[in-house]
Amino acid sequence: MYGDRLKHLREQRGMSQADLAELLKFESRQIVSNIENGVRRMTGEELVACTEIFDVKLDYFTNPYLLAGQGAFSWRQSGVDTQDLYEFETTASEWIGAYRVLRDKLKQKPRALLAEVRLTKQSSYEDAVATGEAVAAELELGDVPAAALVGAAEKKLDAIVLMADPKKGISGAACRLPEMNAIIINRQEPLSRRSFDLAHEIFHILTWEAMPPDYLDGVNKAKTRVEQLADKFASGLLLPSFVMERHLDKLDVQSDNFVQHVNEVATELMVSSQALLWRLVDLGKLNRGTCKEFTETDWFSYNGGLLKNETPPLMSKKFLELLACALQEGLISERRFASLLDLSFEELTDLYSQHGLESPLGL
């Protein structure tokens, strides 16, 4: 375990084996290679030296829950300090790793096959939208896809969707493991943004093998082809044509109440007004020039018109249910559980109540 985690840290920081060997005063880089491959053990002094070199706690090497290189992340962020991102990734990987380890101990087997869709970098934007619509239909997301998306991702895609409070600038992430998927969403973001981010990350977990996403997906930087396809997929998933058809009569650009109607429909569908306008462009109901004119004015709120941005509770019901089972089976202590989420016993009990669950803690 030490070797795997050392290799992950070294590669994450862009350091060669020779560089690390020099810092550890080893005779050659082969010693580092042997440690990383499990041929040689690290001494206690070497372990402490590594914590100082990489500015991590000893817990990084000893905590059984940390993924540390076993999971691949793709982060949606803007202007986040690299060290802050690494620190939050360590925190998030511990949540995901705890879920994976405890699920295995509870003998709750994952799906044998993870869902994928047939899209590649060569796919057209129209293909991406159509695939988003097909996924919305297959997941039976109903008349308001955004409202059903978390439940569908967890029940039908064998993922966990965790609402979190990351550092400012981090919108969320997708995490791919061989046997499961995880999505992190910044619960402090506006509702329309959370809806879009979740749909965007679902694209990544469904296309990870064919189109591995970048480690950093900058929200405000020029989008790669993969990210553009992800945006189009998200549009089709959240605003499929069979949902839009119910609203098209109201969304006539010639109407005197067009702005009001766009905001009202965006509110109902839990998306931003801008996202709805661009979907009208895709459907041929609005030209691009007119759409740009509208989106560049103050008439449309990014939050989706009249949306009430209530902050959802931390984590997810699925996550807390599994942790409760593990606690009852003696697989994790109450203190370790509270430490995992950095909550007091009282806060943890309140969190279960927010999710409509009975607290497993013996207060």
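Residues numbered from 1 in each chain as written. Predicted model: local features only at pLDDT ≥ 70, side-chain atom pairs only at ≥ 80, totals over all residues. Heavy atoms only, no water.

**Here's the deal with the packing of aromatic side chains**
How we decide: Working definition: rings of Phe, Tyr and Trp (its six-membered ring) pair if their centres are within 6.5 Å, and the pair is stacked with planes under 30 degrees apart, edge-to-face with planes over 60 apart, and tilted otherwise. A helix here means a DSSP run of H or I that spans at least four residues, while a strand means a run of E at least two residues long, and both kinds are numbered starting from the N terminus. Only protein chains enter the area calculation, which uses a 1.4 Å probe; residues under 20% of their type maximum are buried, those over 50% are exposed, and those in between are partly exposed.
This structure, assessed with the given rule, holds nine aromatic pairs. Where Phe88 meets Trp95, the ring centres are 5.9 Å apart and the plane angle is 80°; that geometry is what we call edge-to-face. Residues Phe203 and Phe233 carry aromatic rings whose centres are separated by 5.5 Å and whose planes lie at 55° to one another, so their mutual orientation is tilted. Here Phe203 is found in helix H9 (residues 191–207), whereas its partner Phe233 is found in helix H10 (residues 225–238), with 30 residues between them in sequence. A relative accessible area of 1% places Phe203 in the buried class.

**Side note on helix H12 (residues 258–269)**
Note the threshold: Expected helix span is taken as 1.5 Å per residue step, with the number of steps being one fewer than the number of residues. Any pair of residues with heavy atoms lying within 4.5 Å of one another is described as a contacting pair.
Between the first and last C-alpha of H12 there are 16 Å, a value that for 12 residues agrees with the 16 Å anticipated at 1.5 Å per step. Turning to H12, its buried residues are Phe258, His261, Val262, Asn263, Val265, Ala266 and Leu269. Looking at the buried residues of H12, the elements they touch are helix H8 (145–156), helix H11 (241–244), helix H13 (273–282) and helix H14 (288–295). Positive phi shows up at Met270, right after H12, with a value of about 60°.

**Considerations on the environment of Tyr2**
Assignment of secondary structure puts Tyr2 in helix H1 (residues 2–12). Among the residues examined, Tyr2 registers a relative accessible area of 32% and is labelled partly exposed. Taking the C-alpha atoms as reference points, Tyr2 and Phe258, separated by 256 residues in sequence, lie 60 Å from one another. Once residues within four sequence positions are removed from consideration, Tyr2 is found in contact with Met42, Leu47, Phe61 and Thr62.

**Quick look at the side chain of Glu36**
Note the following rule: Polar contacts, as counted here, are pairs of nitrogen or oxygen atoms within 3.5 Å of one another; within protein the pair requires one atom able to donate a hydrogen and one able to accept it, and residues that are adjacent in sequence qualify only if both atoms are side-chain atoms.
With respect to the element layout, Glu36 can be found in helix H3 (residues 29–36). At a separation of 2.7 Å, a polar atom in the side chain of Glu36 contacts the side chain of Arg10.

**What to know about the pattern of salt bridges**
When charged atoms on two side chains of opposite charge get close, those side chains can pair. We count it as follows: When a carboxyl oxygen of Asp or Glu is within 4 Å of a side-chain nitrogen of Lys or Arg, the pair counts as a salt bridge.
Summed over the entire model, instances satisfying the criterion amount to 18 salt bridges. For the salt bridge of Arg100 with Glu179, the shortest nitrogen-to-oxygen distance reads 3.5 Å. Taken together, the residues Arg100 in helix H6 (residues 82–105) and Glu179 in the loop between strand E3 (170–177) and strand E4 (180–186) connect sequence positions 79 residues apart. For the salt bridge of Arg279 with Glu133, the shortest nitrogen-to-oxygen distance reads 2.5 Å. Residue Arg279 is located in helix H13, and its partner Glu133 is located in helix H7 (residues 125–138); the two are separated by 146 residues in the primary sequence. When salt bridges with common partners are traced through the structure, they connect Arg10, Glu11 and Glu36 into a single cluster.

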